[in-house]
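Each chain is listed here by its residues.
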Amino acid sequence: MGISVKLTSPTTPAVEQAPVEVPPLSLEQLKTYWGEMLEAMKQDAPKLAEQLQDRELRMDGEDMFVIVVSNSYLDSEIRRYLVRMLTYLRTKSGRPLLNGRVEVEYEEKEAIVYSPRDKYDVMLQDNPALDSFRVLFSEVDY
């Protein structure tokens, strides 16, 4: 024969807590927290912290910010640490719904195609003695 003892603990009804109103996060506050986060990151990822030092930040809504980068390599590097970065920023700002994303803005540069003759003419302006080598070595092309 076995004896069964059922111990019940008194249950207290859960008290619903009203959500705490947090003032909107401004860009200046975000930049302050961003700087503190980069200082803390210098031990774990010093190279990434250095690259993120002067990056542009934009607010995109109340709980969303954007990190603007110039190439996709930096985008992939940031994504590896994004969860840790967001955890730090959420804790510091007191905004558990704070989120961020990386946006790549490529810089357009004008590309000019130079012919070998154009390059030779520019080098000849810098060093006129180059023309005497052209006479000595006539079989060498540009």
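A brief look at the structure comes next. (Residues numbered from 1 in each chain as written. Predicted model: local features only at pLDDT ≥ 70, side-chain atom pairs only at ≥ 80, totals over all residues. Heavy atoms only, no water.)

Before going further, it helps to examine the pattern of salt bridges. Going through the model one piece at a time under the given rule, you end up with 13 salt bridges. We note a salt bridge from Arg58 to Glu103, for which the minimum N-O separation is 3.3 Å. With Arg58 in strand 1 (residues 56-59) and Glu103 in strand 3 (residues 99-104), this pair connects stretches of sequence that are 45 residues apart. Salt-bridge contacts for Asp121 lead to Arg117; the nearest nitrogen and oxygen are separated by 3.3 Å. One end of the pair is Asp121 and the other is Arg117, both in helix 4 (residues 116-126) and four residues apart, which spans about a single turn. Here the salt bridges do not stand alone but share partners, grouping Glu56, Arg58, Asp60, Arg101, Glu103 and Glu105 into one network. (Salt bridge = Lys/Arg side-chain N within 4 Å of Asp/Glu carboxyl O. Helix = DSSP H or I, 4+ residues; strand = E, 2+ residues; numbered from the N terminus.)

This brings us to the sheet that holds strand 1. As summarised here, the arrangement of the three strands in space is 1-2-3, forming an open sheet in which the pairing is mixed. Strands at the two margins of the open sheet, each flanked by one partner only, are strand 1 and strand 3. For this sheet the average axis-to-axis angle between neighbouring strands, irrespective of direction, equals 25°. Direction of pairing for strand 2 (residues 64-69) relative to strand 3: parallel, over a ladder of six bridges. Looking at strand 3, one finds that Val66 is bridged to Arg101. (Pairing = 2+ DSSP bridges. Axes fitted to C-alpha atoms, helices over the stretch in contact; angles between N-to-C directions.)

A full pass over the atoms with the stated rule returns two aromatic pairs. With centroids separated by 6.3 Å and ring planes inclined at 75°, the aromatic side chains of Trp34 and Phe65 adopt a geometry described as edge-to-face. Placement of Trp34 in helix 1 (residues 27-41) and of Phe65 in strand 2 is noted, with a sequence separation of 31 residues between them. Take Trp34: its relative accessible area is 4%, and that puts it in the buried class. Residue Phe65 is classed as buried on the basis of its relative accessible area, which comes to 1%. Taken together, a centroid distance of 6.4 Å and an interplanar angle of 10° make the contact between Phe133 and Phe137 stacked. The class for Phe133 is partly exposed, based on a relative accessible area of 47%. For Arg134, the ring lying beneath its charged end belongs to Tyr120, and the centroid distance is 5.6 Å. (Phe/Tyr/Trp six-rings, centres within 6.5 Å; stacked < 30°, edge-to-face > 60°. Buried < 20%, exposed > 50% of the residue type's maximum accessible area, 1.4 Å probe, protein only. Lys NZ or Arg CZ within 6 Å of the ring centre and 35° of its normal.)

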